[in-house]
Amino acid sequence: MLPKKAVIPVAGLGTRFLPATKVIPKEMLTVVDRPTIQYIVEEVVTSGIKEVVLVTASGKSAIEDHFDYSFELETFLAQKGKLDLLNEVRQISRLIEVVSVRQKRPLGLGHAVQVTKQVVGNEPFVVCLGDDLVEADIPCVKQMLNVYEKYQETVIAVQEVPEEEISRYGIVEGEKLEDGIFKVSRIIEKPAPGTTKSRLAVIGRYILRPEIYDCLERTLPGVGGEIQLTDALDTIRKERALYAYKFRGKRFDAGDKFGFLQAIIHYGLRHPQLGGPFKEYLKDIVKGLE
Ligand code: G1P
């Protein structure tokens, strides 16, 4: 059975992006013409998944509203004859079925996944972290579903990062099985420099099996005093198997100010209408810098 649901944890406070995120959820910050959460949802939908489970907290209702039907806005746009905009707004609310679960206390990513147990049930599921935007010809989740279909075990997305960045990520060590696929022999959350030779960092895309819930229940607080998904994945590795997949595409850390700027440039250049003029504008700017 292939996953039918995608869990997107959105309960985080977005402290890396203050003051922008004081009132606005970080997932609602706009890259070009849509909030970052919409990029994630579009990736999930184009991968064939229609049900999204949002793990929310107070102050995050704008995200649910964004994917909901808006009677006032749609009526207004229809009355004004703004049919293109009406279409666009309608498409967003038709993208997915959303279920929300509250994470009542900020106990970590592992805990955020744990609270979805009742909603997800006894089936494999996808987890996408809202900070990680991945631009790819074949959506990253779709690439991972292909790997899951073959191995039928937990799959996590990885990319190589420079040595000085390893302590920002979950890092995997493993044996290469085939092009881009590794059998994981160790996974460590935010290792200190010098404690691993691996540069394979976990980015926010996971295909999990229902056994993860039992592992999470047995997981004690780890790095930062939080229940780490990485630690539960290490139990999965020991008790079943864990595969790491080096996805094809470009990933942006949209939860970080510099990563966010990079995402704006990247998606701006690829925008169907704005891309051309934006490129010319950037060329002028670069000339001015020379
Ligand atoms: C989380 C995970 C980490 C992963 C990262 C990817 O960390 O715990 O293993 O490498 O996402 O973005 P966070 O960024 O929430 O600290």
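Each chain carries its own residue numbering, running from 1 in the written order of its sequence. A pLDDT threshold of at least 70 governs which residues receive local features in this predicted model, and a stricter bar of 80 or more applies before side-chain atom pairs are shown or counted, although totals over entire chains, interfaces and linings include all residues. As a convention, hydrogens and water are excluded, and side-chain values are obtained from all of the structure's heavy atoms.

### Focus on the pairing of strand S4 (residues 51–56)
With five of six residues buried, S4 lies mostly within the body of the structure. Any two strands are treated as partners once DSSP identifies two or more bridges connecting them. Each helix is a run of DSSP H or I of at least 4 residues and each strand a run of E of at least 2, with the numbering of both proceeding from the N terminus. Here six bridges tie S4 to strand S5 (residues 97–102), and the two strands are oriented parallel to one another. In the strand pairing of S5, Val-52 is matched with Val-98. To sort residues, take the accessible area from a 1.4 Å probe on protein chains only and compare it with the maximum for the residue type: under 20% means buried, over 50% means exposed, and anything in between is partly exposed.

### Here's the deal with the packing of helix H3 (residues 71–79) against helix H4 (residues 83–94)
To define axes, lines are fitted to C-alpha atoms, for helices over the stretch in contact only, and angles between the resulting N-to-C directions are given on a 0 to 180 degree scale. Axis separation between H3 and H4 bottoms out at 9 Å; the angle between their running directions is 155°. Of the possible angle classes, the one that applies to H3 and H4 is roughly antiparallel. Pair H3 / H4 crosses with left-handed handedness. Contact residues: H3 offers Leu-73, Glu-74, Leu-77 and Ala-78, while H4 offers Leu-85, Leu-86, Val-89, Arg-90 and Ser-93. Side-chain classes are defined by residue name, with Ala, Val, Leu, Ile, Met, Phe, Trp, Tyr, Cys and Pro counting as nonpolar, Asp, Glu, Lys and Arg as charged, and the others, Gly among them, as polar. Split by residue class, the contact of H3 with H4 holds six nonpolar, one polar and two charged. If an angle is under 35 degrees, it is roughly parallel; if it is over 145, roughly antiparallel; if it lies from 65 to 115, roughly perpendicular; otherwise it is oblique. Note on convention: the crossing is left-handed when the near helix lies turned anticlockwise from the far helix by less than a right angle, right-handed when the turn is clockwise. We call two residues in contact when some of their heavy atoms are within 4.5 Å.

### Focus: the pattern of salt bridges
Take a side-chain nitrogen of Lys or Arg and a carboxyl oxygen of Asp or Glu: if they are within 4 Å of each other, that pair is a salt bridge. Overall, the coordinates contain 26 salt bridges when judged by the stated rule. Of the charged contacts, one joins Lys-246 and Glu-160 as a salt bridge, the two residues approaching to 2.9 Å between their closest N and O atoms. In this pair, Lys-246 sits in strand S12 (residues 242–246) while Glu-160 sits in strand S8 (residues 154–160), placing the two residues 86 residues apart along the sequence. Residue Lys-246 is classed as partly exposed on the basis of its relative accessible area of 32%. Glu-211 is the partner of Arg-240 in a salt bridge, and the nearest nitrogen-oxygen pair spans 3.1 Å. With Arg-240 in the loop between helix H9 (229–239) and S12 and Glu-211 in helix H8 (residues 211–217), the pair connects residues that are 29 residues apart, well separated along the chain. With a relative accessible area of 27%, Glu-211 lands in the partly exposed category. If you follow the salt bridges from partner to partner, you end up with Arg-16, Lys-26, Asp-131 and Asp-253 in one network.

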